[in-house]
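Structural description and commentary
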Amino acid sequence: MIKRTYSLDKIIKKGKVLIIYGPRQVGKTTLIKEFIKNSKLTYRYDTGDGFQIQNELSKCTYESTDNHVGNYDLIIIDEAQKIPNIGNALKLMVDSHPNKYFIATGSSSFDLANKTDESLTGRKIVIKLFPISYFELSKTMAVSEMKNSLEKNLIYGSYPELLMAKTNQEKEQIIRLLSDSYLIKDILEFDRIKRADVIMKLLKLLAFQIGSEVSANELGRSLGVDTKTILYYLDLLEKSFVIFGLSGYSGNLRKEITKMSKYYFYDNGIRNALILNFNRLEDRNDIGQLWENFLMIERRKRNEYKNAFPAYYFWRTYSKQEIDLIEEKQGFLSAYEFKWKAQKSSSPSEWRANYKNSKYLEINADNYINFIT
């Protein structure tokens, strides 16, 4: 059992809905079950997949929601985004029962957020759960153990179920199943997704272009669809916790590129499943992309779990000077360049000239642990 960052008993509050976002199979249900196992609260647990609960709560009446709550101390609804009008239903439950506890989970912030943002204003607490992070592993593992697991993480990712697998073949089967049956399935459930093949082709294009700037116009031309549709799909993929994007940083210098974005995957294993490549590092030509994606997501997990929320960017000029990651927080800039092999590089001259008070650091296979833990 890997101890997750969140202790729900310290987060949950009466009269508030605790919303837990994250991809499927990252441990949201396990986290809840560990909480209720050690709690004295009486609880009702339901999943949004059930027709009966969908029919009951979508009515959004005081009678239907009151009947659902009953005499329980805690109401739990897993995959809550699948219930029509769930935001209003939760609002009615909270307002009618301010001394009770409520938990709702969602594998897509796209739909659940749309249904709860306005109705639950001031009535919710939101946390995000990701595949296992090095930040979490660092609480129980030695640095040498974490470094020894690096290659497997770069290739297969860090979904909890993978930790149980004993062979690489098992790991590959698990991550393929996660990619095909869970993550993509969630995306295709949305009404406006008419062509699953376009979504899959888009993901594969992005998987091959990690670390490179991409244009929605060019993606649209490659896939034979309009730019508006590409932008909608990209937004949907981000809110379904498959990818996340970075825009270019600019301090209003003419030479800085800001119109295009870079996209990364929330898990290296999902990315490798899309391109059907689980080869060892020594047999690959994309180690730079794997390394960059790994550091991007592990840093993001670490910051989320430490309640550090900087703005994220990349930086590049038309003269091709670039930095992989810029973090901006309270007006201070931190710049990070990712290198698999240590090069002891210095910051680009244009960056030094224009952002003299910023911090610059190369992150490589020798010094990465502190950066992500």
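Residues numbered from 1 in each chain as written. Predicted model: local features only at pLDDT ≥ 70, side-chain atom pairs only at ≥ 80, totals over all residues. Heavy atoms only, no water.

**Notes on the overall build of the chain**
Scanning the chain for helices and strands turns up 17 helices and 11 strands. Relative to a compact globule of 373 residues, whose C-alpha radius of gyration would be 21 Å, the chain shows 22 Å and is just as compact. On the principal axes, the C-alpha backbone points of the chain span a range of 65 × 50 × 45 Å. For the chain, long-range pairs separated by at least 24 residues make up 72% of all intrachain contacts whose partners lie at least 6 apart in sequence. Accessible surface computed for the chain: about 17900 Å², of which carbon and sulfur atoms make up 46%. (Helix = DSSP H or I, 4+ residues; strand = E, 2+ residues; numbered from the N terminus. Rg over C-alpha atoms; globule rule 2.2 N^0.38 Å. Contact = heavy atoms within 4.5 Å. Areas by Shrake-Rupley, 256 points an atom, 1.4 Å probe, with all protein chains shown as cover.)

**Quick word on the sheet that holds strand 11 (residues 359-363)**
An order of 7-6-8-9-10-11 is seen for the six strands of this open sheet, with the pairing classed as mixed. The open sheet has two edge strands, strand 7 (261-265) and strand 11, and neither has a second partner. Between one strand axis and the next, the sheet turns through 35° on average, direction left out of account. Here strand 6 (residues 243-248) runs beside strand 8 (residues 311-316); their pairing, made up of two bridges, is parallel. Each bridged residue has a counterpart across the sheet, and for S247 the counterpart in strand 8 is Y313. Together, strand 6 and strand 7 form the strand contacts of helix 11 (residues 196-208), whose direction differs from that of strand 7 by roughly 100°. Its contacts with the sheet place helix 13 (residues 227-239) against strand 6 and strand 7, and it is angled at close to 120° to strand 6. (Pairing = 2+ DSSP bridges. Axes fitted to C-alpha atoms, helices over the stretch in contact; angles between N-to-C directions.)

**Describing the environment of N279**
Counting through the fold element by element, N279 comes out in the loop between helix 14 (268-274) and helix 15 (287-305). With relative accessibility at 40%, the residue N279 sits in the partly exposed group. Aside from chain neighbours lying at most four places away, what touches N279 is I155 and R284. (Buried < 20%, exposed > 50% of the residue type's maximum accessible area, 1.4 Å probe, protein only.)

**Quick look at the pattern of salt bridges**
The tally for this structure, following the rule as stated, stands at 16 salt bridges. Three or more residues are tied together by salt bridges with common partners; here these are K91, D95 and R123. (Salt bridge = Lys/Arg side-chain N within 4 Å of Asp/Glu carboxyl O.)

**A few points about the pairing of strand 9 (residues 322-329)**
Each regular strand carries side chains that alternate between the two faces of the sheet. In the sheet, strand 8 pairs with strand 9 via five bridges, with the strands oriented antiparallel. Bridge assignment links W315 to a residue of strand 9, and that residue is I323. Where strand 8 folds back onto strand 9 in an antiparallel hairpin, the turn is made up of five residues, including K320, whose phi is positive at roughly 70°. Where strand 9 and strand 10 (residues 332-338) come together, five bridges link them in antiparallel fashion. Opposite K329, over in strand 10, you have F332 as the bridge partner. The turn joining strand 9 and strand 10, which pair antiparallel and follow one another in sequence, is formed by two residues; a positive phi near 50° is taken by Q330.

**Remarks on the side chain of D46**
Along the chain, D46 falls in strand 2 (residues 43-47). A polar atom in the side chain of D46 sits 2.7 Å from the side chain of R44. With residues near it in sequence (within four places) discarded, D46 still touches I53, H68, I76, I77 and D78. (Polar contact = N/O pair within 3.5 Å; in protein donor to acceptor, adjacent residues only side chain to side chain.)

**What about the packing of aromatic side chains?**
Here a ring pair, both rings aromatic, is described through the centre-centre distance and the interplanar angle of the planes. Evaluated as defined, the whole model comprises 22 aromatic pairs. Ring centres of F130 and Y266 lie 5.7 Å apart, and the angle between their planes is 15°; on these two criteria the pair is classed as stacked. With F130 in the loop between strand 5 (124-128) and helix 7 (134-137) and Y266 in the loop between strand 7 and helix 14, this pair connects stretches of sequence that are 136 residues apart. This pair shows no difference in class: F130 is buried, exactly as Y266 is. Through pairs of rings, three or more aromatic residues link up here, namely Y6, Y21, F130, F135, F241, F244, Y264, Y266 and Y305. The ring centre of F135 lies 4.3 Å from the NZ or CZ of K139, which sits over that ring. (Phe/Tyr/Trp six-rings, centres within 6.5 Å; stacked < 30°, edge-to-face > 60°. Lys NZ or Arg CZ within 6 Å of the ring centre and 35° of its normal.)

**Some thoughts on the sheet that holds strand 4 (residues 101-106)**
Here we have five strands laid out as an open sheet, ordered 2-3-4-1-5, and parallel in their pairing. On the outer flanks of this sheet lie strand 2 and strand 5, each paired with one strand and no other. With direction set aside, neighbouring strand axes in the sheet form an average angle of 15°. Looking at chain direction, strand 1 (residues 17-21) and strand 4 are connected through five bridges and run parallel. Its bridge partner being in strand 4, L18 is matched across the sheet by I103.

**Quick word on the nonpolar core**
Ranked by size, the top nonpolar core spans 104 residues in total, and within it L8, I77, I103, F265 and Y368 carry the most contacts. Grouped together as the second largest cluster of nonpolar side chains are nine residues, W315, I326, W351 and Y355 included. (Core = buried A, V, L, I, M, F, W, Y, C linked by side-chain atoms within 4.5 Å.)

**Quick notes on the packing of helix 4 (residues 62-69) against helix 5 (residues 86-96)**
Relative orientation and spacing of two packed helices are given, respectively, by the angle between their axes and the distance between those axes. Relative orientation of the contacting elements helix 4 and helix 5 amounts to 70°, with a least axis distance of 9 Å. Looking at the two axes, helix 4 sits roughly perpendicular to helix 5. Crossing of helix 4 over helix 5 shows right-handed handedness. Contacts between helix 4 and helix 5 involve Y62, T65, H68 and V69 on the former and, on the latter, A89, L92, M93 and S96. Of the residues belonging to the contact of helix 4 with helix 5, the class tally is five nonpolar, three polar and no charged. (Parallel < 35°, antiparallel > 145°, perpendicular 65-115°, else oblique. Left-handed = near helix turned anticlockwise from the far one by under 90°. Nonpolar A, V, L, I, M, F, W, Y, C, P; charged D, E, K, R; others polar.)

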